[in-house]
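# Secondary and tertiary structure notes
Chain residues, written in single-letter form:
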Amino acid sequence: MRTRTRKRVVVAGGGYAGLTTARRLVRAGCDVTVVNPNGYMTYQPLLPELAAGTVQASHVVVPLRTALGSARILTGSLTGVDTAARVAVCRAADGTEHLLEYDDLVLALGSVARTFPIPGLADHAVGFRTVEEAVHLGNRVLSCLELAASTPDPAARARALTFVFVGGGYAGVEALAELEDMVRRTIHRYDGLAMNDSRWVLVEAAPRILGQLPERLTSYAADRLQRRGIEIRTGVALDSLTQGRAFLADGTEIATDTVVWTAGVVAHPLLRMLGLPCDQAGRVLTDDHLRVTDHVWAVGDCASVPDVATGDRCAPTAQHAVRQAARLSRNLLGSLQPYRHKDAGAVASLGLHKGVAELYGVPVRGWLAWMVHRLYHGSRLPCSRRRLLITLGWLLGSRGRDPVAVPAIESPRTPLRDAIAAQQGAA
Ligand SMILES: Cc1cc2nc3c(=O)[nH]c(=O)nc-3n(C[C@H](O)[C@H](O)[C@H](O)COP(=O)(O)OP(=O)(O)OC[C@H]3O[C@@H](n4cnc5c(N)ncnc54)[C@H](O)[C@@H]3O)c2cc1C
C-alpha cells in the first residue's frame, strides 16, 4: 500500500493572503488546493488607478493557475468545515458540492464592504472593492462627462457632474483623488465643460479622513484636496439615497448621479457561520501563531491576529496580509513562531504626482510620497511579469487614460438584440 507523504492543505480564498500562502506551500512541496470564486487574485490597492485608467485591468489581477503551478484550483466557495473530520465543504461554480479532506486548512476569505441599513444604498450606490466596480466607475465618470456635455438641461448637467464618495479611508480618498485628477486632465476635451462645473464631495462620519494616518498628515491631505475644490464633509453620515439624490444626516441634500460607497470593511459573513471563535467584528480569532484551532489557520483581513507591537489586533491591511501569509506558511511547515510585525508606515495617493505617507515614523508629502506609493505597490504585486508591465505602463503612459467611456461593455447583448428588433420591425 502506498503511503501519502505530501501534506494536503486547503486554502479557502485566493486573494492577497491566500495566494501568497499557497505559493509558498506549493514551493515547499505541499499538495495544495485553493478554493476561490474567481480564477484570479485582485491586487486591491491599485483599483483607484485602474478606475482612473493609469493601469489596466489585466495588470491588477493575477491568474491563480499561472501563479500557483501544481496547485489545484477549485473555482467556487467554501461553505462549511467539519473540523473533527478535517473536511472542507465547498460549492463549485456549477453548484456541485465538493468535500475536500485536508491535513491543514487555511482561511483567507478576506472581507466585504461594511454596510448599514441605509434606504436606497443597494439600488443607487456602487461599491469599490473589485475590478468590475473599478472599471465600471471609470466608465461611469466619463459617461457622465459625455452626458453633461450633450444635455441642454442645467439640472441634469449638474447632477451628472457631481460625484459623491461616502467613506474617507484609503479606498475612498484614493478613488476620489484619482478620478478627480482624471477629470481635471480630460474635461477640456468636452464641449462647454470646465473643471469648475464638476463637484466632488467626500463624506466621512468620523471627525477626520484617513484616520489611519497621523493627524498632521491627515490635515495635509485634507488641505491639498480642498485646494482642488473637493468638499470634505466630516462628522456626518449618509442618511438615504434616491434616484439622483443623496441625503446626509445633517439635512444636506446633494443632487448627484454617482454615489460611491467606500465606508470600510467587515469580515466575511461566512466566518460566523463556521462555528469558529470570532471577535466582535466577525473576524476569526487566532493565537499569535495564526492558528484558530487544531489544523485550522487564518490569515489576512478575515483573521483577528494579536499585534504584539501594539497589544491590539492587526488591522485589515495588505501589509499585514502578505506578512502574515509568509509567517503562516512557515508555521504550517513546522517552523512555529509568533507573528511579529514592524510597522513600515502608511502611504496614500492623492492623484497623479501627489501623495502623503509616513515611513518608519518619517512624514513624506507630495511627489515623493506619490513615488513611494507607486514603488511600494508596484513591487508588491505577486507576479514579476505584472510588476514589469505596470512599471512600463506608468513610464510610457503616465498621463493617464484617453477619455473613452465604454459603458456598453456591461450589456454586451444589447447590440445584437437591437439588430434583431430592428430587422423584425422592418420585415
Ligand atoms: C480600493 C482598496 C484600496 C486598498 N488600498 C490599500 C492600501 O493602500 N494599503 C493596504 O495595506 N491595504 C489596502 N487595501 C486593503 C487590502 O487590499 C486588503 O487588506 C488585502 O487585500 C487583504 O487580503 P486578503 O487576502 O485577506 O483578502 P482579499 O484580497 O479580499 O481576498 C479574499 C479572497 O477570498 C475570496 N472568497 C470570498 N468568499 C469566499 C468563499 N466563501 N470561499 C472561498 N473564497 C472566498 C474572495 O473572492 C477573495 O479572492 C485596499 C483595499 C481596497 C478595496
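Residues numbered from 1 in each chain as written. Predicted model: local features only at pLDDT ≥ 70, side-chain atom pairs only at ≥ 80, totals over all residues. Heavy atoms only, no water.

## Topic: helix α1 (residues 16-27)
Because an α-helix packs 3.6 residues into every turn, residues spaced three or four apart end up facing the same way. Here is the rule we go by: Segments assigned H or I by DSSP are reported as helices when at least four residues long, segments assigned E as strands when at least two residues long, and all are numbered from the N terminus. Expected span of a helix, by definition, is 1.5 Å for each gap between consecutive residues, and there is one gap fewer than residues. Three exposure classes are used, based on accessible area relative to the maximum for each residue type with a 1.4 Å probe and protein chains only: buried under 20%, partly exposed in between, and exposed over 50%.
Over its 12 residues, α1 runs 17 Å from end to end, which matches the ideal 16 Å to within 8%, given 1.5 Å per residue. A large share of α1 lies buried, amounting to 9 of its 12 residues. Along α1, the residues that are buried comprise Y16, A17, G18, L19, T20, T21, A22, L25 and V26. One or two positions beyond α1, positive phi appears at G29, with a value near 90°.

## A closer look at the packing of aromatic side chains
This is how the line gets drawn: Any two of the Phe, Tyr and Trp rings considered here, Trp counted by its six-membered ring, make a pair once their centres fall within 6.5 Å; the pair's planes then place it as stacked at under 30 degrees, edge-to-face at over 60, or tilted in between.
What the rule picks out here adds up to 5 aromatic pairs. Summarising the aromatic geometry, the rings of Y16 and Y43 are spaced 5.2 Å apart at their centres and angled 80° between planes, so their arrangement reads as edge-to-face. Linking Y16 in helix α1 with Y43 in the loop between β3 (40-42) and α2 (47-51), this pair joins segments that are 27 residues apart in sequence. The two residues Y16 and Y43 agree in class, both being buried. Ring geometry for F116 and W261: centres 6.3 Å apart, planes at 75°, overall edge-to-face. With F116 in the loop between β9 (111-113) and α5 (121-124) and W261 in strand β17 (residues 258-261), this pair connects stretches of sequence that are 145 residues apart. Looking at F116, the relative accessible area reads 41%, which means it is partly exposed. Counting every residue linked through ring pairs, the aromatic cluster contains F163, F165 and W200.

## Some points on the pairing of strand β13 (residues 231-234)
Rules: Between any two strands, pairing holds if DSSP finds at least two bridges. With strands facing away from the observer, any crossover in which the path from the first strand over the helix to the second runs clockwise is taken as right-handed.
Across 4 bridges, strand β12 (residues 199-204) lies against β13 in parallel orientation. Opposite E204, over in β13, you have T234 as the bridge partner. Note on the crossover from β12 through helix α9 (residues 215-227) to β13: the handedness is right-handed.

## Points about the pattern of salt bridges
Which entries qualify depends on this criterion: Here, a salt bridge means any side-chain nitrogen of Lys or Arg that lies within 4 Å of a carboxyl oxygen of Asp or Glu.
Going through the model one piece at a time under the given rule, you end up with 17 salt bridges. A salt bridge links E49 to R374; the nearest nitrogen and oxygen atoms lie 3.0 Å apart. Placement of E49 in helix α2 and of R374 in helix α12 (residues 366-380) is noted, with a sequence separation of 325 residues between them. Taken as a pair, E49 and R374 share a single burial class, namely buried. Taken together, the salt bridges that share partners define one network made up of E180, D181, R184, R185, R228 and K354.

## A look at the nonpolar core
Basically, it comes down to this: Here, nonpolar core refers to any group of buried Ala, Val, Leu, Ile, Met, Phe, Trp, Tyr and Cys residues whose side-chain atoms link them within 4.5 Å. Where each domain begins and ends follows an automated or database-derived domain assignment. A contact between two residues is defined here by any heavy atoms of the two lying within 4.5 Å.
If you look at the biggest cluster of nonpolar residues, it comprises 112 residues, and the most contacted ones within it are V32, L78, L107, F165, W200 and V356. Residue contributions to this core peak at 8 residues, all from helix α6 (residues 131-150). When residues are assigned to domains, this core turns out to be shared by domain 1 (8-113 + 266-332) and domain 2 (121-263), each giving three or more. If we ignore the near neighbours within four places in the chain, the residues touching V32 are V9, V11, A22, L25, V26, A71 and R72. Formed by 15 residues, the second largest nonpolar core is a distinct cluster that contains V203, L241, I254 and V259.

## Details of the domain arrangement of the protein
Here is the rule we go by: Defined here as a combined quantity, buried area equals the accessible surface (1.4 Å probe) lost by two parts on assembly, summed across both. Distance and chemistry together define a polar contact, namely a pair of N or O atoms within 3.5 Å, with one atom able to donate a hydrogen and the other to accept it when in protein, and with adjacent residues in sequence counting only for side-chain atoms on both sides.
Segmentation of the protein into domains returns domain 1 (8-113 + 266-332) and domain 2 (121-263). The C-alpha centroid of domain 2 is placed 32 Å from the C-alpha centroid of domain 1. Taken together, the contact pairs 17 residues of domain 1 with 13 residues of domain 2. Regarding the contact of domain 1 and domain 2, the summed buried area is about 1200 Å², with carbon and sulfur atoms giving 64% of it. The tally of links from domain 1 across to domain 2 stands at 0 salt bridges. Counting across the interface, domain 1 meets domain 2 through 3 residue pairs in polar contact (both at pLDDT 80 or more). Considering each element in turn, the side of domain 1 that touches domain 2 owes the most residues, 5 residues, to α2.

## Some details on a nonpolar patch on the surface
Stated formally: Note on patches: the residues involved have over 30% relative accessible area and no salt bridge, like charges join within 9 Å, and the nonpolar side chains Val, Leu, Ile, Met, Phe, Trp and Tyr join within 5 Å. We get accessible surface area from the Shrake-Rupley algorithm with a probe of 1.4 Å; when it comes to residues, only the shown protein chains can shield them.
On the surface, L388, L392, L395 and L396 cluster together into a nonpolar patch covering about 470 Å² of accessible area. If you trace the backbone, L395 turns up in helix α13 (residues 384-396). Given the relative accessible area of 66%, L395 is considered exposed.

## A look at the site of the ligand
Rules: Definition of nearness: a residue and a molecule or strand are near each other if at least one heavy atom of the residue lies within 4 Å of the molecule or strand. The nonpolar class holds Ala, Val, Leu, Ile, Met, Phe, Trp, Tyr, Cys and Pro. Asp, Glu, Lys and Arg form the charged class, and all remaining residues, Gly among them, are polar.
Around the ligand there are 28 residues in total, and A17, Q44, L78, D301 and A318 lie nearest to it. A distance of 3.5 Å separates an oxygen atom of the ligand from a polar atom in the backbone of A108. One of the backbone N or O atoms of L109 is found 3.4 Å from an oxygen atom in the ligand. Protein burial of the ligand: of its 1000 Å² of free accessible surface, 88% is covered by the chains. No other element matches the 3 residues that helix α11 (residues 318-332) contributes to the shell around the ligand. Taken together, the residues of the shell around the ligand break down into 14 nonpolar, 12 polar and 2 charged. A domain split of the shell around the ligand shows at least three residues from each of domain 1 (8-113 + 266-332) and domain 2 (121-263).

## Focus: the pairing of β12
Most of β12 is tucked away: 5 of the 6 residues are buried. With helix α8 (residues 170-186) bridging strand β11 (residues 162-166) and its parallel neighbour β12, the resulting β-α-β unit is right-handed.

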